[in-house]
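# Understanding the architecture of this molecule
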Amino acid sequence: MSGTERRAPMPETAAGEPAPIKAVPLRRPGRWVAAVVVLGLFGLFVYGAATNEAFSWDVYGRYLFDERITKAAWVTVQLTVLAMVLGVVLGVILAVMRLSPNPVLKTFSWVYLWIFRGTPVYVQLVFWGLFPSIYKSLDLGIPFVHQFVHIELQGIEAGFLFAIIGLGLNEAAYMAEIVRAGVNSVHEGQTEASTALGMSWSQTMRRTVLPQAMRVIIPPTGNELISMLKTTSLVSAVPFSLELYGRQRDIAGVNFEPIPLLLVAATWYLVITSVLMVGQYYLERYYSKGATRTLTARQLQALADAQGKPVVLGPATATPAADELPDTPGGERK
């Protein structure tokens, strides 16, 4: 631009403010083409599955709400919840041991994690199925002094209990690392500030560290819970076959219809997983309170009503109006 040229003045409104810019959205034809291709492929897949006689959709509908399948789904939920509770409790204990300055506790925790994370869960479940063969009896009491309980393990039918123990002990190794990472994510200054306020160690963990650590712990724990639901299909190694996958396999072995029965089991797994994902979403939202300083539209509106000033709501964030911002010492607004 030369020194004699001048930029055309911006049109102004009646109030003397610049006129709003008319923004034209950028056209993206590639997105529409990709959407049409994906929808077309999905439609072809659905049509092929609906017309394929191998899926036997009549058998699928007959067994979807069969009493044996619904009971097996409930047993699967029980296995998942109980094993996960055991895994979380032991995981917290192991995480505290890993963080302990005691070298014995730290070494024991490390060895536990090394064994249970280094071997397949299916192999561990097989060992728990052979537990009555490895140990003929179980004695509880004071060694060499007094025996309180004597249990004969030969012939005992405790597949459900052994399945919970096997899944829970394996899950504890992974939960220990998740909890340890969550605790370590909280800055040391938070603990120092709590100590300066006179809080004890338990109060600091309960009121300061754990609420902030839960933001890191909850998402992977939700993933572990969903993974535990699907891992219950391996408890046939104990052996225990009253859960969802084992029950559908037994039914398919009688009517020789494995494909529709697998679809029935997959449908129930998807339903239970969807419910767990909804619970995980609300837990994450609850523990993420205060993670950001950006005010919501409702909070800004309440602030505006209290001060009697308008607010400007943007597309992504909401900020107070310009006249609400404080003046800097130089007279400019930040």
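Because the structure is a prediction, the values reported are computed rather than measured.

## Re the packing of helix 5 (residues 121–129) against helix 7 (residues 159–184)
- Orientation of helix 5 relative to helix 7, taken along the N-to-C sense of each, is 145°, at an axis distance of 9 Å. Both helix 5 and helix 7 take part in a crossing whose hand is right-handed. The segment helix 5 lies against helix 7, with Val121, Gln124, Leu125 and Trp128 engaging Phe162, Ala163, Ile165, Gly166, Leu167, Leu169 and Asn170.
- Its residues assigned to classes, the contact of helix 5 with helix 7 shows eight nonpolar, three polar and no charged.

## Some details on the pairing of strand 1 (residues 137–142)
- Of the pairings in the sheet, the one linking strand 1 to strand 2 (residues 146–152) comprises six bridges and is antiparallel in character. Bridge assignment links Ser137 to a residue of strand 2, and that residue is Glu152.
- Linking strand 1 to strand 2, which pair antiparallel, is a turn of three residues; within it Phe144 sits at a positive phi near 65°.

## Side note on the UniProt feature "transmembrane region" (unreviewed entry) in the protein
- The positions that UniProt labels "transmembrane region" (unreviewed entry) are, in the present scheme, residues 32–52, 72–97, 109–131 and 259–283.
- As a span, residues 109–131 carries 87% helix and 0% strand, and end to end its C-alpha atoms are 23 Å apart.
- Helix makes up 100% of residues 259–283 and strand 0%, whereas the separation of the span's terminal C-alpha atoms amounts to 36 Å.

## Section: the pattern of salt bridges
- Throughout the structure, instances matching the rule amount to four salt bridges.
- For the salt bridge of Glu67 with Lys71, the shortest nitrogen-to-oxygen distance reads 3.2 Å. One end of the pair is Glu67 and the other is Lys71, both in helix 3 (residues 67–99) and four residues apart, which spans about a single turn.
- A relative accessible area of 52% means that Glu67 is categorised as exposed.
- By relative accessible area, which is 52% here, Lys71 ends up exposed.
- Notably, a salt bridge pairs Glu177 with Arg180, separated by 2.9 Å at the nearest N-O pair. Of this pair, Glu177 and Arg180 both sit in helix 7, three residues apart, which is roughly one turn of that helix.

## Some remarks on the side chain of Glu177
- Residue Glu177 is classed as buried on the basis of its relative accessible area of 19%.
- In contact with Glu177, other than residues within four places in its own chain, are Arg98, Leu113 and Arg117.

## Brief notes about the packing of helix 3 against helix 11 (residues 258–287)
- For the pair helix 3 and helix 11, the least separation of the axes is 11 Å and the interaxial angle reads 45°. Classified by the interaxial angle, the pair formed by helix 3 and helix 11 is oblique. Regarding helix 3 and helix 11, the two cross each other, and that crossing is right-handed. Listed contacts from helix 11 to Ile69, Thr70, Ala73, Thr76 and Val77 of helix 3 are Val264, Trp268, Tyr269 and Ile272.
- In terms of residue class, the contact of helix 3 with helix 11 is built from seven nonpolar, two polar and no charged.

## A word on the layout of surface pockets
- Considered as a void within the structure, the largest pocket measures approximately 840 Å³ in volume.
- Lining the largest pocket are 35 residues; nearest its centre among them are Val179, Val183, Met205, Val209 and Leu210.
- Of all the elements in the fold, those that place two or more residues in the lining of the largest pocket are helix 3, helix 7, helix 8 (188–196), helix 9 (201–231) and helix 11.
- With 13 residues, the top contributor of residues to the lining of the largest pocket is helix 9.
- Residues of the lining of the largest pocket, tallied by class, amount to 22 nonpolar, 10 polar and three charged.

## With respect to the packing of aromatic side chains
- Scanning the model with the defined rule gives 11 aromatic pairs in all.
- Pairing Trp128 with Phe131 gives two aromatic rings, centres 5.3 Å apart and planes at 25°, and the pair type is stacked. The two residues Trp128 and Phe131 agree in class, both being buried.
- Among the aromatic residues, those joined into a cluster by ring pairs are Trp128, Phe131, Tyr135 and Phe162.

## So, the side chain of Thr208
- Note that Thr208 resides in helix 9.
- Looking at Thr208, its side chain comes within polar contact range of the side chain of Ser194, at 2.8 Å.
- For Thr208, the contacting residues outside a window of four places in its chain are Gln190, Ser194, Met199 and Gln203.

## What about the nonpolar core?
- Grouped together as the largest cluster of nonpolar side chains are 38 residues, with contacts concentrated most on Leu94, Tyr112, Leu167, Val235 and Val238.
- If you list the elements that add at least two residues to this core, you get helix 3, helix 4 (103–118), helix 5, helix 7 and helix 9.
- The element contributing the most residues to this core is helix 7, with 12 residues.
- Residues within four places of Leu167 in sequence aside, it is in contact with Ala83, Val121, Leu125, Met228, Thr231, Thr232 and Val235.
- Core analysis: the next-biggest nonpolar cluster, separate from the first, contains 17 residues, Val59, Tyr60, Val264 and Tyr269 among them.

## Observations concerning unusual backbone geometry
- Val238 connects to Pro239 through a cis peptide bond whose omega is 10°.
- Position of Pro239 among the secondary structure elements: in the loop between helix 9 and helix 10 (244–255).
- Even without being a glycine, Ser56 presents a positive backbone phi close to 50°.
- Assignment of secondary structure puts Ser56 in the loop between helix 1 (29–51) and helix 2 (57–63).
- Take Ser56: its relative accessible area is 13%, and that puts it in the buried class.

Thresholds, definitions, all that
Residues numbered from 1 in each chain as written. Predicted model: local features only at pLDDT ≥ 70, side-chain atom pairs only at ≥ 80, totals over all residues. Heavy atoms only, no water. Axes fitted to C-alpha atoms, helices over the stretch in contact; angles between N-to-C directions. Helix = DSSP H or I, 4+ residues; strand = E, 2+ residues; numbered from the N terminus. Left-handed = near helix turned anticlockwise from the far one by under 90°. Contact = heavy atoms within 4.5 Å. Nonpolar A, V, L, I, M, F, W, Y, C, P; charged D, E, K, R; others polar. Pairing = 2+ DSSP bridges. UniProt positions renumbered as here; feature names shortened; annotations may be inferred. Salt bridge = Lys/Arg side-chain N within 4 Å of Asp/Glu carboxyl O. Buried < 20%, exposed > 50% of the residue type's maximum accessible area, 1.4 Å probe, protein only. Parallel < 35°, antiparallel > 145°, perpendicular 65-115°, else oblique. 1 Å grid on protein atoms, 1.4 Å probe; cavity = no way out; pocket = protein on both sides within 12 Å on 5 of 7 lines; lining within 4 Å. Points joined across faces, edges and corners; volume = space filled by probe spheres on them. Phe/Tyr/Trp six-rings, centres within 6.5 Å; stacked < 30°, edge-to-face > 60°. Polar contact = N/O pair within 3.5 Å; in protein donor to acceptor, adjacent residues only side chain to side chain. Core = buried A, V, L, I, M, F, W, Y, C linked by side-chain atoms within 4.5 Å.

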